[in-house]
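Residue strings, one per chain:
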Amino acid sequence: MAGGARDVRKAFLLTTTQNYFGLLPEPCDQPRADGCPEVNNFLDDGNQMLLRVQRSDAGVTFSNSIDFADTKDKVLVFFKLRPEVITDQNLHSNILVSSMLESPINSLYQAVRQVFAPMLLKDQEWSRDLDPKLQNLLSELEAGLGVVLRRSDTNLSKLKFKEDDTRGILTPSDEFQFWVEEAHRGSKQISRERAGYFKELFETIAREFYNLDSLSLLEVVDLVETTRDVVDDVWRQTEHDHFPESRMLHLLDVIGGSFGRFVQKKLGTLNLWEDPYYLVKDHLRAGVSICEQWVIACNHLTGQVWQRYVPHPWKSEKYFPETLDRLGKRLEEVLAVRTIHEKLLYFLPASEEKMICLTRVFEPFTGLNPVHYNPYTEPLWKAAVSQYEKIIAPAEQKIAGKLKIYISEIQDSPQQLLQAFLKYKELVKRPTISKELMLERETLLARLVDSIKDFRLDFENRCRGVPGEASGPLAGKNLSEVVNNIVWVRQLELKVDDTLKIAEALLSDLSGFRSFRRAAEDLLDQFKLYEQEQFDDWSRDIQSGLSDSRSGLCIEANSRIMELDPSDGSLKVHYSDRLVILLREVRQLSALGFVIPAKIQQVANIAQKFCKQAIILKQVAHFYNSIDQQMIQSQRPMMLQSALAFEQIIKNSKAGSGGKSQITWDNPKELEAYIQKLQNAAQRLATENRKLRKWHTTFCEKVVFLMNIDLLRQQQRWKDGLQELRTGLASVEAQCPVAWQSRWEGPEDPLQYLRGLVARALAIQSWVERAEKQALLSDTLDLSELFHPDTFLNALRQETARATGCSVDSLKFVASWKGRLQEAKLQIKMGGLLLEGCSFDGSRLAENQHDSPSVSPVLPCCVGWIPQGAYGPYSPDECISLPVYTSAERDRVVTNIDVPCGGSPDRWIQCGAALFLKNQ
């Protein structure tokens, strides 16, 4: 290079340095670089690979090495690609330029994350040539640097944890990952538990934020609400040390940034000026909703809810995500532009549409992406909007007249008038149209004034009434009176506020607007006063109840948890329903923005501490108090042992191994163990009851099923059903008490009963066949073949009464072993009788001998019904009336028969003489 000529190499280094550090070029810079040995070494020595530039108080300094100890200032680094002397020819092909901010770890992490990892891992050309092992190493390097960065201290020798340092938290996912890592690597157990608690809270939204780009706009609208609840839970938790305020402020900011970038990316895929209006409108509204909801959430949480939360108050100014708010307003402006254009097209005839053709109207926005909001694009946007308004001005003149005619036709209907203004509010806001619709807007203002009066009148008529009644506030579900009244008046506030917003948007230039606004604001002040009065009255009532032990609001940590009421034996938990209501009221009133008095909050905190256990105990108590109603009466003896065991646990609610002291609320471990014992006992009893009830229902269904089977045609079906019933009976036979088995009509053994059932069913078939042949009454009948022999005898009595023309009460039942009954119109020959306690030869009773059987058969006899005054076959003096039982158990009497005994009836009574039907 000729002497005195400018060194292009040094000019490149100096110009790059000045641009990076924002320095003004100075004439002395060139000589300073010429005389700098570090610059000369880097340019002229092929072995010198690096030149570091750093700004200090003394100016710009150069060095051929990097000082790792000082990372606070910005650093610019030039380094060579190949060990060569720098010349004019290789200046731009051999020098690489890099900068370093905050720390070398952060700079390396961001370079890998933003530049090299996407290029080498996602680009098909580069990833194809890169060994998979190297790809894994690159991914591990990125992840490892992220871990170090999130743990705040960039000194690799000390991975020190600093919660207030959020330099490594650039996205919500970084924050969530931070707590995952701390939960596994925390230095102390309590720190790991706290981090694990936050990790679990954040897991609700972590997956959605990790896959944010794959979600739709409407899904993210829902995510905003979920995220608001999660950060509120994180801030208000009291299980561990509080979440740091500075960290929460940063988290709110990065969440807002993520939402903003997501909206910009999604809307960037649309052509906002040419795509169909309905599509653009839906997307823009969703984008505006995302921005607005998060701005409102941050404002509400940090400006009201958290500032009033006594356990962990927000001490800084309320956080307002200004960038996200302005992005939302920009989207509203874009939507207004498209909406105005759409309304103009609607009102203009087809022939006039040419004057506002799509290409010309949106021409000012060419080359301008409206979703890219920042201070540099704002002037360009405003200029484009101004030019757009000039283009549509002629069309507005024509639209104004048509809109005036349309509104004049409906102005007599207040509701339609309001809807019309809301529908075309974007047009009404235009100065030209607004001026043309002066009278119509005056009419709308008058209607809004009337609506404010109606709101005031409705409020004054209802505010002192009982919720739900005609003269009281409207009632909601699951709300106490104080909360219901406040929610009701809040709804009125919203209506008045919406009315005021409509007026401010469309009517603010009218002469009557100021008086309208004063009336609306006065009413809103009245609503606020009513809210505060309701809250103050509630606070006084609760605080007075705290000093009254009978109010149900007092709970002592060392008091007994539950006991049996000696008056009615019911189980009562010492945690009143009023406390449950108080917890709900405190939670709801806090959410509504009220500051709960410390004394009430303290009681609520204590009640909340035991609420989970109390709810479980109340469930157990309800089960204990109502289990008798859930049992089938005949099954109660079967569950006696389980019920007694359950009751014993309740009565012996003692703490400690010796069981000397009562279990109280302030013994969490013993309380949990006791609740577990109660739940297990209740579960066993409930399971046993369900099982027995199920078997009861199953047995009933199977018996009914068997009763409906035709034994002659479906014998196999009968056998299969009977086998199922036998199997079921065998499974509960050990539990089945005698009292339950005795419910069967017949022997206690169900199988014996079923055998009798089969025999009777077959016999009935035979009876039916003989009856069809008119031969039933001429044969000897065995009444044991019937299910209800007494019913058969009563039917014979009724038929006899019809045949003789007398009443059934005037007939008596007689039997004869001498032959047929002369006085009986209808009679049967009855066989199958057995006699116990003596013997009978057909003429008279006789005592049993020592070798006589205990039960002997009786000869068939003729039986029938005859008039009360008629003479029977035997003299009453020589007979004894013996009962006829269905079985030898003598549990059911069929009828009584006069049997000749030769006198001395007491003798036969003493020997226990009785008749019964033979067993089937």
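Residues numbered from 1 in each chain as written. Predicted model: local features only at pLDDT ≥ 70, side-chain atom pairs only at ≥ 80, totals over all residues. Heavy atoms only, no water.

Chemist: What is the right way to read the pattern of salt bridges from this model?
Modeler: Two side chains carrying opposite charge are able to pair once their charged atoms lie near each other. Under the counting rule described, the total for this entry stands at 21 salt bridges. Residue Arg9 pairs with Asp7 through a salt bridge whose shortest N-O separation is 3.1 Å. The exposure class assigned to Arg9 is buried, which follows from its relative accessible area of 11%. For Asp7, a relative accessible area of 5% gives the class buried. Asp790 is the partner of Arg892 in a salt bridge, and the nearest nitrogen-oxygen pair spans 3.4 Å. One end of the pair, Arg892, is in the loop between strand E17 (879-885) and strand E18 (893-900); the other, Asp790, is in helix H29 (residues 789-804), and 102 residues separate them in sequence. Look at Arg892 and you get partly exposed, because its relative accessible area is 28%. (Salt bridge = Lys/Arg side-chain N within 4 Å of Asp/Glu carboxyl O. Buried < 20%, exposed > 50% of the residue type's maximum accessible area, 1.4 Å probe, protein only. Helix = DSSP H or I, 4+ residues; strand = E, 2+ residues; numbered from the N terminus.)

Chemist: Help me understand the sheet that holds strand E15 (residues 855-857), please; the structure alone is not making it clear to me.
Modeler: Whenever strands of a sheet pair, they do so through backbone hydrogen bonds, lying parallel or antiparallel. Reading across from one edge, E15-E12-E19-E17-E18 is the order of the five strands in this open sheet, with mixed pairing throughout. The sheet is open, and its two borders are formed by E15 and E18, each paired with just one other strand. Across the sheet, the mean angle separating the axes of adjacent strands is 30 degrees when strand polarity is ignored. Across three bridges, strand E12 (residues 833-836) lies against E15 in antiparallel orientation. The residue bridging Leu835 from the neighbouring strand is Ser856, located in E15. (Pairing = 2+ DSSP bridges. Axes fitted to C-alpha atoms, helices over the stretch in contact; angles between N-to-C directions.)

Chemist: Whenever I open this one, the sheet that holds strand E3 (residues 75-80) confuses me. Can you help?
Modeler: Taken together, four strands build an open sheet; the order of strands is E2-E1-E3-E4 and the sheet is antiparallel. Among the strands making up the open sheet, the edge pair consists of strand E2 (59-63) and strand E4 (95-100). Strand-to-strand twist across the sheet, computed as the mean angle between neighbouring axes with direction ignored, equals 20 degrees. Inspection of the sheet shows strand E1 (residues 50-56) paired to E2 by five bridges, in the antiparallel sense.

Chemist: Which parts of the structure should I look at to understand the environment of Val894?
Modeler: With respect to the element layout, Val894 can be found in strand E18. Taking relative accessible area as the criterion, Val894 reaches 13% and is therefore assigned buried. The spatial distance from the C-alpha of Val894 to the C-alpha of Leu783 is 9.7 Å, given a sequence separation of 111 residues. Not counting residues within four places of it along the chain, the set of residues in contact with Val894 comprises Pro789, Asp790, Leu793, Val884, Tyr885, Thr886 and Leu917. (Contact = heavy atoms within 4.5 Å.)

Chemist: Whenever I open this one, a negative patch on the surface confuses me. Can you help?
Modeler: Taken together, the side chains of Glu504, Glu521, Asp522 and Asp525 make up a negatively charged region of the molecular surface. With three residues, helix H21 (residues 513-546) is the largest single contributor of residues to the negative patch. By the secondary structure assignment, Glu504 is in helix H20 (residues 481-506). (Patch = residues over 30% accessible without salt bridge, like charges linked within 9 Å, V, L, I, M, F, W, Y side chains within 5 Å. Areas by Shrake-Rupley, 256 points an atom, 1.4 Å probe, with all protein chains shown as cover. Lys, Arg positive; Asp, Glu negative; His and termini not counted. Charge placed at Lys NZ, Arg CZ, Asp CG, Glu CD.)

Chemist: I keep staring at unusual backbone geometry and nothing clicks. Help me out?
Modeler: Leave glycine aside and you will find that most residues have negative phi; peptide bonds, for their part, are mostly trans. Even without glycine at this site, Gln774 takes up a positive phi of about 60 degrees. Relative to the helices and strands, Gln774 resides in the loop between helix H28 (750-772) and strand E9 (780-782). Using a relative accessible area of 74% as the deciding quantity, one classes Gln774 as exposed. Positive phi is not limited to glycine here, since Arg890 has a value of about 55 degrees. In this structure, Arg890 sits in the loop between E17 and E18. Relative accessible area serves as the criterion here: at 32%, Arg890 is assigned to the partly exposed category.

Chemist: Explain the packing of helix H11 (residues 245-267) against helix H13 (residues 322-347) to me, please; I cannot follow it from the model alone.
Modeler: Where H11 meets H13, the axes come as close as 10 Å, and the angle between the chain directions of the two elements is 25 degrees. Accordingly, the angle class assigned to the pair H11 and H13 is roughly parallel. Seen along the crossing, H11 lies across H13 with a hand that is left-handed. Taken together, the residues of H13 that come into contact with H11 (itself represented by Gly256, Phe259, Gly260, Val263, Gln264 and Leu267) are Leu324, Leu327 and Leu331. Among the residues making up the contact of H11 with H13, the classes are represented as six nonpolar, three polar and no charged. (Parallel < 35°, antiparallel > 145°, perpendicular 65-115°, else oblique. Left-handed = near helix turned anticlockwise from the far one by under 90°. Nonpolar A, V, L, I, M, F, W, Y, C, P; charged D, E, K, R; others polar.)

Chemist: I keep staring at the side chain of Glu175 and nothing clicks. Help me out?
Modeler: Structurally, the position occupied by Glu175 is in helix H8 (residues 172-185). Judged by relative accessible area, Glu175 falls into the buried class, the value being 0%. Polar contacts involving the side chain of Glu175 include one to the side chain of Trp179, which spans 2.7 Å. Sequence-distant contacts of Glu175, defined by excluding residues within four places in its chain, comprise Ile169, Phe243, Arg247 and Leu251. (Polar contact = N/O pair within 3.5 Å; in protein donor to acceptor, adjacent residues only side chain to side chain.)

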